[in-house]
Amino acid sequence: MSETLSAKKFLKLTGYQWACILYIAVAVFCWQLKYFRHIDNNYLIFRTSYFHFRDHINLYLHYPKEYYDVYIYGPAFTLLIAPMSLMPESWGFFFWEVGNAAIFLWAVNTLPFTNRTKTAILLLCAIEFANSSHYMQFNPTIAAMIILSFTFVKRQKEQYATLFTVFGTLMKIYPIVGLAFFVFSKNKVKYIIWSFVWLVVFLCLPAIISGPGFLVQTYKDWFAALTSKNLTNQDLTTGFDWCLMGAVRRLFQDSTLPNWPFLLGGAAVFGAALLRFKQYASLKFQLQIMCSLLLMVVIFSTASEHPTFIIATAGAVIYMMMQEKPFTAFNIVMLVLLLVVTGLGPSDAFPKPARHWMQLYAIKAYAPIIIWFKISWELLFNDFINDKQPLKQGETASA
């Protein structure tokens, strides 16, 4: 009997279906909480970017009469937000929140696990998803794009894998790590061709909104904005820089510590893992590469903040739940830290002095950093081909 038929149900729905409903419910709750109280600033930034781009207004300046903070995504993002910007604000905001939930659910559904494992992944990521949804952020979609870049390579559908990698990169850089999945592709020429096609398409397509001249200028403005933001993120008191180098900077209270030794070290460790060509035959090895990348884009980014950690938490949780024995003593401790400290640490679940201390030392990043080091050690030294603890695998859902 299949898992779907044999699964226990409550009100005619399986636990996996209830977990999906939970995500949609969280998205809808955050929408109504923010919209009807007029505290939807982040969504206004996203929505207004389309109109600024259309009207040839610099996307990356401060507009205090419209919203606070600044827009920081690429011009390709205006293609994604355009349909929602053109709707009435209430409906656009609604579809923004629900859409972020839906694509994350879709990505998890494509993973080659049983529904029981997928349910555990969703439940353990729920707090961080709620954090991101509460702040109306784009990060669940970023996590989904990285996962989909991997799962579509595994299905030999490079045209879709590269679509998510290229389109995501031209919106928020992070999905560029999906290019690493090229090494697992069985159709490398197809992968290269489609990467080039999508690069041309998504570099040029925003011109239908702004025209080519302003599009070129916007790319220049985006680069300047990213460079400037990277420098301001490294202040020891901000809600950014919650990453490996930021944690070290805050531990020693020295904002002048450079990023490059950490970035170079992380790249060397990851690159060494990719040189273990014989391990490519192991799906478990490939999945751990994906998990490592989901963690790396957060713990090696000075832009990492509270809502960003849905990406890292997804990597950490997938890594633990895909093991034959996921609830080892180490994993249980890490899960508690992920849920309590990483997930709830910067929230009102803790008193203000504790939250201040956690921000001062970037404590939210500690558990993901530890898990990344463990994953990296295994990628460098474990024999995945002859692994005595096989991957907890199920049927891969159809696209």
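If you're wondering where the values come from, they're calculated on a predicted model, not measured in any experiment.

## Re the overall build of the protein chain
Turning to step 1, where the next piece is worked out: Counting its secondary structure elements, the protein chain contains 18 helices and two strands.
Turning to step 2, where the next piece is worked out: The globule rule puts the C-alpha radius of gyration for 399 residues at 21 Å, and the 21 Å found for the protein chain is close to it.
Turning to step 3, where the next piece is worked out: Counting only residues that meet the buried cut, the protein chain has 54% of its 399 residues in that class.
Turning to step 4, where the next piece is worked out: Here the contacts in the protein chain between residues at least 6 apart in sequence split such that 75% fall between residues at least 24 apart.

## Some thoughts on a nonpolar patch on the surface
Turning to step 1, where the next piece is worked out: There is a patch of nonpolar side chains on the surface, built from V189, I193, F196, V197, V200, V201, L205 and I208 and spanning about 710 Å² of accessible area.
Turning to step 2, where the next piece is worked out: Among the secondary structure elements, I208 is positioned in helix α10 (residues 207-210).

## A few points about the packing of aromatic side chains
Turning to step 1, where the next piece is worked out: The final tally for this structure, using the stated rule, is 42 aromatic pairs.
Turning to step 2, where the next piece is worked out: Here Y73 and F138 contribute two aromatic rings whose centre-to-centre distance is 5.7 Å and whose plane-to-plane angle is 55°, an arrangement assigned as tilted. Of the two residues, Y73 sits in the loop between α3 (41-54) and α4 (77-86) while F138 sits in the loop between α6 (115-134) and α7 (139-154), which places them 65 residues apart along the sequence.
Turning to step 3, where the next piece is worked out: By way of ring pairs, the aromatic residues Y43, F46, Y60, Y71, Y73, F77, F93, W96 and F138 are connected into one cluster.
Turning to step 4, where the next piece is worked out: Sitting over the ring of F152, R155 keeps its end group 5.6 Å from the ring centre.

## Points about the nonpolar core
Turning to step 1, where the next piece is worked out: Within the largest apolar cluster, 123 residues are counted, with the highest numbers of intra-cluster contacts made by W96, I289, M290 and I311.
Turning to step 2, where the next piece is worked out: Those residues in contact with M290 that sit more than four places away from it in its chain are L111, I147, F150, F181 and I318.

## Some points on the pattern of salt bridges
Turning to step 1, where the next piece is worked out: This structure, assessed with the given rule, holds five salt bridges.
Turning to step 2, where the next piece is worked out: Between D241 and R249 there is a salt bridge whose closest N-O contact spans 2.9 Å.
Turning to step 3, where the next piece is worked out: Accessibility expressed as a relative area gives 0% for D241, which makes it buried.
Turning to step 4, where the next piece is worked out: Relative accessible area serves as the criterion here: at 0%, R249 is assigned to the buried category.

## Here's the deal with the side chain of Q286
Turning to step 1, where the next piece is worked out: For Q286, the location among the structural elements is in helix α14 (residues 283-299).
Turning to step 2, where the next piece is worked out: Residue Q286 is classed as buried on the basis of its relative accessible area of 5%.
Turning to step 3, where the next piece is worked out: A polar contact is formed between the side chain of Q286 and the side chain of K154, at a distance of 2.7 Å.
Turning to step 4, where the next piece is worked out: Reaching out from Q286, the side chain makes a polar contact with the backbone oxygen of Y280 at a distance of 2.5 Å.
Turning to step 5, where the next piece is worked out: Apart from the residues within four sequence positions on either side, Q286 is in contact with F150, K154, F184 and Y280.

## Some remarks on unusual backbone geometry
Turning to step 1, where the next piece is worked out: One non-glycine residue, H38, lies in positive phi territory at about 55°.
Turning to step 2, where the next piece is worked out: Position of H38 among the secondary structure elements: in the loop between α2 (15-35) and α3.
Turning to step 3, where the next piece is worked out: Look at H38 and you get exposed, because its relative accessible area is 67%.
Turning to step 4, where the next piece is worked out: Phi at I173 takes a positive value of approximately 60°, unusual for a residue other than glycine.

## Side note on the environment of H62
Turning to step 1, where the next piece is worked out: Along the chain, the position of H62 falls in the loop between α3 and α4.
Turning to step 2, where the next piece is worked out: The residues touching H62, leaving out its near neighbours within four places in the chain, are D69 and V70.

## Focus on the environment of L293
Turning to step 1, where the next piece is worked out: With respect to the element layout, L293 can be found in helix α14.
Turning to step 2, where the next piece is worked out: Along the primary structure L293 and V189 are separated by 104 residues, whereas in three dimensions their C-alpha atoms are 23 Å apart.
Turning to step 3, where the next piece is worked out: Filtering out sequence-adjacent residues up to four positions away, L293 remains in contact with V177, A180, F181 and F270.

## Quick notes on the confidence of the model for the protein chain
Low pLDDT means the predicted coordinates in that region are not meant to be read closely.
Turning to step 1, where the next piece is worked out: Taken as a whole, the protein chain shows an average pLDDT of 93; of its residues, 96% reach a score of 70 or greater.
Turning to step 2, where the next piece is worked out: Low confidence marks residues 1-6, where pLDDT is under 50. Its contacts with residues over four positions away, or in another chain, come to six contacts.

## Things to note about the packing of α7 against α14
Turning to step 1, where the next piece is worked out: At their nearest, the axes of α7 and α14 sit 10 Å apart, and the two run at 160° to each other. Relative to α14, the element α7 lies roughly antiparallel. Once α7 is placed against α14, the crossing between them reads as right-handed. In this structure, α7 uses A143, I146, I147, F150 and K154 to contact α14, whose residues at the interface are L283, Q286, L287, M290, L294 and V297.

## Overview of the packing of α2 against α6
Turning to step 1, where the next piece is worked out: Running from N to C, α2 and α6 cross one another at 5°; their axes reach a closest spacing of 9 Å. Here α2 is positioned roughly parallel relative to α6, judged by the angle of their axes. Along the contact surface, α2 presents G15, Y16, A19, C20, L22, Y23, V26, A27, C30, L33 and K34, while α6 presents N115, K118, T119, L122, L123, C125, A126, F129, A130, S133 and H134.

## Considering the environment of Y50
Turning to step 1, where the next piece is worked out: Relative to the elements of secondary structure, Y50 occurs in helix α3.
Turning to step 2, where the next piece is worked out: Accessibility expressed as a relative area gives 10% for Y50, which makes it buried.
Turning to step 3, where the next piece is worked out: Distance from Y50 to C204, taken between C-alpha atoms, is 16 Å for residues 154 residues apart in sequence.
Turning to step 4, where the next piece is worked out: When near neighbours in sequence (up to four residues on either side) are disregarded, Y50 contacts T78, I81, A82, S85, L86 and I209.

Cut-offs used in this document
Residues numbered from 1 in each chain as written. Predicted model: local features only at pLDDT ≥ 70, side-chain atom pairs only at ≥ 80, totals over all residues. Heavy atoms only, no water. Helix = DSSP H or I, 4+ residues; strand = E, 2+ residues; numbered from the N terminus. Rg over C-alpha atoms; globule rule 2.2 N^0.38 Å. Buried < 20%, exposed > 50% of the residue type's maximum accessible area, 1.4 Å probe, protein only. Contact = heavy atoms within 4.5 Å. Patch = residues over 30% accessible without salt bridge, like charges linked within 9 Å, V, L, I, M, F, W, Y side chains within 5 Å. Areas by Shrake-Rupley, 256 points an atom, 1.4 Å probe, with all protein chains shown as cover. Salt bridge = Lys/Arg side-chain N within 4 Å of Asp/Glu carboxyl O. Phe/Tyr/Trp six-rings, centres within 6.5 Å; stacked < 30°, edge-to-face > 60°. Lys NZ or Arg CZ within 6 Å of the ring centre and 35° of its normal. Core = buried A, V, L, I, M, F, W, Y, C linked by side-chain atoms within 4.5 Å. Polar contact = N/O pair within 3.5 Å; in protein donor to acceptor, adjacent residues only side chain to side chain. pLDDT = per-residue confidence, 0-100. Axes fitted to C-alpha atoms, helices over the stretch in contact; angles between N-to-C directions. Parallel < 35°, antiparallel > 145°, perpendicular 65-115°, else oblique. Left-handed = near helix turned anticlockwise from the far one by under 90°.

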